[in-house]
Amino acid sequence: MPELAYRDALKEALQEEMARDPRVFLMGEEVARYDGAYKVSKGLLDKFGSARVVDAPISELGFGGLGVGAAMVGLRPVIEMMTWNFAILAMDQIVNSAAKLRHMSGGQLRCPIVVRGPNGAGGRLSSQHSQALEANYAHFPGLKVIAPGTPADAKGLLKSAIRDDNPVVFMEAELLYGTKGEVPEGEYTIPIGKADIKREGSDVTLITWSRMLTAVALPAAQQLADAGISVEVLDMRTIKPMDEEAIAQSVKKTNRVVILEEGWGYAGFGAHISDFIHRELFDDLDAPVERVHGVDVNMAYAENLERLTQPSVPRVIEAVNKVLYR
């Protein structure tokens, strides 16, 4: 399999789906002439033309709403937000229009739209541009929420998202765009709502998603393995719908759980996973579930403080040792 950067895997998915289905188009700030703020759409303007790769003004609410309208009349828009922090301005269109159209029309209208862009910390971008916001969108019925952590998963899930007849929130970790990994060639999709075991283990289940997978979870699992502790790393990939079966199978095998997320702990997605495990799998637990998440403060600009507010390998190792009563 060829090795691709995360951004190039996303571009490959976009290019293949646009070639496959003429109803698919891309719209967002600087996606055309500038090749995208993170170069995900590089070369797509030359390949598909300005009718299908559309530069939008700096008005997330405006072009987000245009995308919803286009989806209602039969097109399949992919709306790129320069960052999910900016998408807060378009939240009304995403959660009050896209998410509710099928329900409020009694099934007469569909909204096959993908809203995608970078999420989470960006590296010294301070409070307003460094938020992991997946839990916000998972709260609303009608939306599917995806947060892939590898180039292969990014490609396979984006293709599935574009083909889905429901609105999909697709969150790409900003600090992953340059990371590389093997990506299958040819027709390749991943079902939405299916988690994936990225490392087999028997002592503790470490549940995570997005950038935390490669930045923290896998390195922590390796360090723990060197110390004789076998950690199973379960990558959720899809935030909503949540793969309850995959969680249950892993918990029943290891009987101990640590949940790792980049975002804040208060009302975070990790809290929902923990609630599910304690309600449905209580008898399989040998220790209470532990959570590792971002510190409950606004992100600092200074690099050293930014690093201290985010989850880390030492914090995960501490949590694993806690559930093992070590």
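Numbers given to residues run from 1 along each chain, matching the order in which its sequence is written. Given that this is a predicted model, residues contribute local features only at a pLDDT of at least 70 and side-chain atom pairs are listed and counted only at 80 or more, while totals for whole chains, interfaces and linings are drawn from all residues. For the side-chain quantities, the full set of heavy atoms in the structure was used; hydrogens and water were omitted.

What about empty space enclosed by the protein?
Part 1: Points on a 1 Å grid, built from protein atoms alone, make a cavity when a 1.4 Å probe fits but cannot get out and make a pocket when they are open with protein on both sides within 12 Å along at least 5 of 7 lines; residues with an atom within 4 Å of a point are the lining residues. Grid points are joined across faces, edges and corners, and a volume is the space filled by probe spheres set on the points. Going through the model one piece at a time under the given rule, you end up with three cavities of 30 Å³ or more.
Part 2: Empty space within the largest cavity amounts to approximately 130 Å³.
Part 3: Lining the largest cavity are 14 residues, with Ser130, Glu262, Trp264, Val297 and Met299 sitting closest to its centre.
Part 4: Going along the chain from the N terminus, every DSSP run of H or I of four or more residues is numbered as a helix, and every run of E of two or more is numbered as a strand. If you tally residues by element for the lining of the largest cavity, the top one is strand E13 (residues 257-264), at three residues.
Part 5: Taken as a whole, the second largest cavity spans an internal volume of roughly 60 Å³.
Part 6: In terms of lining, the second largest cavity is formed by Asn119, Gly120, Ala132, Glu134, Ala147, Ala173, Trp209, Ser210, Met212 and Glu262.

Observations concerning the pairing of strand E4 (residues 76-80)
Looking along a regular strand, one sees side chains alternate from face to face of the sheet.
Part 1: E4 sits mainly inside the fold: five of its five residues count as buried.
Part 2: Both strand E2 (residues 24-28) and E4 contribute to a ladder of five bridges, which runs parallel. Bridging across to E4, phenylalanine 25 finds its partner in proline 77. Relative accessibility under 20% of the residue-type maximum defines a buried residue, over 50% an exposed one, and the middle range a partly exposed one, all with a 1.4 Å probe and only protein chains included. Strand pairing is assigned whenever DSSP detects at least two bridges linking the two strands.

As for the pattern of salt bridges
Part 1: Here a salt bridge means any side-chain nitrogen of Lys or Arg lying within 4 Å of a carboxyl oxygen belonging to Asp or Glu. Under the counting rule described, the total for this entry stands at 27 salt bridges.
Part 2: Across the pair lysine 159 and glutamate 16 runs a salt bridge whose closest N-O atoms are separated by 2.8 Å. On the criterion of sequence distance, the pair formed by lysine 159 in helix H7 (residues 151-163) and glutamate 16 in helix H1 (residues 6-20) is long-range, its members being 143 residues apart.
Part 3: The exposure class assigned to lysine 159 is buried, which follows from its relative accessible area of 1%.
Part 4: For glutamate 232, the salt bridge is made with lysine 253, and the minimal N-O distance between the two is 2.5 Å.

Let's talk about the environment of serine 160
Part 1: As for its placement among the helices and strands, serine 160 is situated in helix H7.
Part 2: Among the residues examined, serine 160 registers a relative accessible area of 13% and is labelled buried.
Part 3: Taking the C-alpha atoms as reference, serine 160 lies 9.4 Å from alanine 13; in sequence the two are 147 residues apart.
Part 4: Only heavy atoms matter for contacts: two residues are in contact if any of them lie within 4.5 Å across the pair. Setting aside residues no more than four positions away along its own chain, serine 160 makes contact with Thr189, Ile190, Pro191 and Ile192.
Part 5: The definition of a polar contact used here is a pair of N or O atoms within 3.5 Å, where within protein one atom must be able to donate a hydrogen and the other to accept one, and adjacent residues in sequence count solely through side-chain atom pairs. Polar side-chain contacts of serine 160 include one of 2.7 Å to the backbone oxygen of isoleucine 190.

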